[in-house]
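Each chain, written out:
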Amino acid sequence: MFRRVVWSSLLCTLSLAAAAVEPAKTQIMPESQVKPGMHGTAYTVFEGTQPEPIDVEILGVLSSMNGPKSDVILARLRGKKIEYTGVVAGMSGSPVYIDGKLVGAIAYRIGEFSKEPIAGITPIGSMLEIDELDKSAANDVSHRSGSEQHPVSATSGPGLPTQSDAASAGYANLLKPIDTPLVFSGFRDDTMRLFAKDFSAAGIVPVMGAGSVTNDKQPEPIEPGSAVSALLVRGDMSIAGTCTVTYVDESHLLACGHPILQSGNINMPMTKARVLATLPSPQNSFKIVNTTETIGSFVQDRHTGIMGRFDTKPQMIPVTLTVHGVSHPKTFHYEVLNNAKITPAAMMATVFNALQGMNEYGEDTTYRLAGNISVLSYPKLSVQNMFAPLDGNTPTAYNIAVSIGEHFSRIFDNPYDTPRIEGVELNFDLVPDRRSARLETARTDVTEARPGDEIIIETLLRPYRGESLVRQIPVKIPTSTPKGTLRILISDGETLDKMHRVSKDMSRRLDLGSTIALLNKEHSNSQVYVSLLEANPQAMVDDKVMNVMDGMRGTQDMVVVGESAVNEASAPVNYVVSGAQVITLTIK
């Protein structure tokens, strides 16, 4: 009997200990139970890592305010700090409790100059729907790595896009997502000005924010009300957005109460964050934040919030950018989010920022680029060209950045394959001279020729403030050339590429392999080219050029690109060549 009593007591003790260790399940208050006049408490971090309480008074429920069947709970926030700072950028996701039950996340604000802190709350029921979306897409996410394409729509903290309809714009300004402070660390002001439109097109408008991205350890545990950050770029340059944790359990968390990019399935580094200070402002108060250690990955970016998992490792694109200047080389290491909307803009901004920040930069600097983009299961995409200053005020580094951004846009802009970009390597040689040359004249030593003959094309190029250059280029006339007039194009590489470049609509019909192959065939702009043209039009099928008269079967997508280039020759110039001329020759 004694043994049974002891054993029963032991089991009871163990049960109580287990109950103490097991986290209490979060109780939920359905939106239907929320009534005007109720009082509750919200939690957010004003400084450090410890969430602080804010008194909340419920004003009512705005039906379908956030879209069809997507309600917003309107509340007044009270307390010494919140009445001083107002609704703060970075507060999105702050959990609201009534009678110990989770109601939702503070996510919206009224206007920009409101005299009192009135906020909109995303109901927790809407946020918990993200859990089900993640479970249904779990198998798919591991393959896509968050690179699927979605139309750009009204997103979170970055702000609402401009509405063309005045009434819609006024309505949107009444209640809009609380800004997520996007901290651009290591970026120049002119970088932000030049590429703001590109980030805006991707659904991001950089807002006032301050802080930095670190790898510091942060021993304090994540809890509802803690600050949490999402990284779009990290390394020698970084872009991070910070909001607040709404819900957390042993495997995942929910935050923000609105999207960051609204990309759906994503794979974005999730880190802890430390708030250094909260800066009050009549227009837009914001938190100054340092991100700290990585704790997992955000895997869902949806209309009512973002979800992060602690057991998922983020997959970014590693970038190595090396600049060889007059002095010692300078290398930048950073990682960029692998996302169809963000990657092109992020690559453009980081490349421009790195090049413009070099001491060797000058208005007459010429850049030689040699690099590659590695895409899993495909040949490397070569990125090689030469860039010299153009007439006007556009920096050369901007033209380089746009060229690289177009490569990434072309990679992502196909309906067949989701690119898994494994790495980017870019090497620049800086030449302290404006090495550009225009094609002035071109001629041949004969006026008549026969099929099979070799002729010489002589070109005269005029470098910028330099002596004329003469290049003689031999080219053989094909034995199949018909009698009559042969047109000969002497040109730069860009002109030649335009003949074969498919339209944007057509490029979307090419698969990823064909897109990479087509990009790898583009011509260098530091050579002068001679192309023999025939009147027969060409057709582009996948990445191959065919003569339309050869006959093609099947239902392949094709685009006619003009005259046929039956033969091609070139000569290196070591200048950025521009210009084109056509001369004629009689074939006997």
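The next subject is the packing of helix H8 (residues 396–412) against helix H11 (residues 512–520). It is at 9 Å that the axes of H8 and H11 come closest, and there the two elements cross at 155°. Between H8 and H11, the interaxial angle falls into the category roughly antiparallel. Each of His407, Arg410 and Ile411 in H8 lies in contact with H11, whose residues at this interface are Leu512, Thr515, Leu518 and Leu519. A per-class count over the contact of H8 with H11 returns 4 nonpolar, 2 polar and 1 charged.

Moving on to the state of the cysteines. Two cysteines whose sulfur atoms are joined by a covalent bond form what is called a disulfide. As enumerated under the stated definition, the model contains 1 disulfide in all. Residue Cys243 pairs covalently with Cys256 via a disulfide, S to S 2.1 Å. Here the disulfide of Cys243 and Cys256 is left-handed, its torsion about the S-S bond being about -85°. Here the residue Cys243 occupies a position in strand S12 (residues 238–248), and Cys256 occupies one in the loop between strand S13 (252–255) and strand S14 (264–279), the gap between them amounting to 13 residues. On the accessibility criterion, Cys243 (2% relative accessible area) is buried. When its relative accessible area of 0% is taken as the criterion, Cys256 is described as buried.

This part covers the side chain of Thr214. Looking at the secondary structure, you find Thr214 in the loop between strand S10 (210–213) and strand S11 (227–235). Judged by relative accessible area, which is 17%, Thr214 ranks as buried. Of note is the side chain of Thr214, whose polar atom sits 3.4 Å from the backbone nitrogen of Asp216. Among the polar contacts listed, one links the side chain of Thr214 to the backbone oxygen of Thr291, at a separation of 2.5 Å.

Turning our eyes to something else, we now look at helix H6 (residues 189–201). The terminal C-alpha atoms of H6 lie 19 Å apart, and with 13 residues this matches the ideal 18 Å at 1.5 Å per residue to within 8%. The largest bend in H6 comes to about 50°, at Phe195. Tucked inside the fold, the buried residues of H6 contact strand S9 (182–185), S12, helix H7 (343–356) and H8.

The set of residues buried in H11 consists of Leu512, Ser514, Thr515, Ile516, Leu518 and Leu519. In this structure Asp511 caps H11, since a side-chain oxygen of it lies 3.3 Å from the backbone nitrogen of Gly513.

Here the distance between the centres and the angle between the planes together describe a pair of aromatic rings. All chains considered together, the criterion is met by 5 aromatic pairs. Ring plane angle 80° and centroid distance 5.6 Å describe the contact between Phe184 and Phe187, whose orientation is recorded as edge-to-face. Assigned by exposure class, Phe184 and Phe187 land together as buried. Aromatic side chains Phe195 and Tyr398 sit 5.5 Å apart centroid to centroid with 35° between the ring planes, which places their arrangement in the tilted category. Remark: Tyr398 occurs in helix H8 and Phe195 occurs in helix H6; sequence separation between them is 203 residues. Of the two residues, Phe195 and Tyr398, both sit in the buried class. Each residue in the set Phe184, Phe187 and Phe199 is aromatic and connected to the rest through ring pairs, giving one cluster.

Our next topic: unusual backbone geometry. Positioned with a positive phi, Asp99 is a non-glycine residue whose angle comes to about 55°. Mapped onto the fold, Asp99 is located in the loop between strand S5 (94–98) and strand S6 (101–109). With a phi angle near 65°, Asn574 is a residue other than glycine that sits in the positive phi range. Structurally, the position occupied by Asn574 is in the loop between strand S29 (558–572) and strand S30 (576–578).

With 72 residues, the main nonpolar core has Tyr334, Met347, Val351, Ile404 and Phe428 as its most contacted residues. Take this core: its biggest share by element is 9 residues, from H7. Not counting residues within four places of it along the chain, the set of residues in contact with Met347 comprises Val319, Tyr334, Val336, Ile404, Phe408, Val424 and Leu426. Counting 25 residues, the second largest nonpolar core, distinct from the first, contains Ala437, Leu469, Val475 and Leu532.

Here the focus is the confidence of the model for the protein. Put simply, the protein has an average pLDDT of 82, and 81% of its residues get 70 or more. This stretch, residues 1–23, has a pLDDT under 50; its non-local contacts, to residues over four places away or in other chains, come to 0 contacts. A low-confidence stretch, residues 139–172 stays under pLDDT 50, and its non-local contacts, those more than four residues away or across chains, total 76 contacts.

Time to look at the sheet that holds strand S24 (residues 454–463). Spatially, the 4 strands line up as an open sheet ordered S25-S24-S22-S30, and their pairing is mixed. Lying at the two open borders of the sheet, with one neighbouring strand each, are strand S25 (469–476) and S30. Recorded for the sheet is a direction-independent mean angle of 35° between the axes of neighbouring strands. Two elements, strand S22 (residues 436–444) and S30, share 3 bridges in a ladder whose sense is parallel. Its bridge partner being in S30, Ser436 is matched across the sheet by Val576.

Procedures and definitions
Residues numbered from 1 in each chain as written. Predicted model: local features only at pLDDT ≥ 70, side-chain atom pairs only at ≥ 80, totals over all residues. Heavy atoms only, no water. Axes fitted to C-alpha atoms, helices over the stretch in contact; angles between N-to-C directions. Helix = DSSP H or I, 4+ residues; strand = E, 2+ residues; numbered from the N terminus. Parallel < 35°, antiparallel > 145°, perpendicular 65-115°, else oblique. Contact = heavy atoms within 4.5 Å. Nonpolar A, V, L, I, M, F, W, Y, C, P; charged D, E, K, R; others polar. Disulfide = S-S within 2.5 Å. Buried < 20%, exposed > 50% of the residue type's maximum accessible area, 1.4 Å probe, protein only. Polar contact = N/O pair within 3.5 Å; in protein donor to acceptor, adjacent residues only side chain to side chain. Expected span 1.5 Å × (residues − 1). Bend = angle between axes of the 7 residues up to and from the residue. Phe/Tyr/Trp six-rings, centres within 6.5 Å; stacked < 30°, edge-to-face > 60°. Core = buried A, V, L, I, M, F, W, Y, C linked by side-chain atoms within 4.5 Å. pLDDT = per-residue confidence, 0-100. Pairing = 2+ DSSP bridges.

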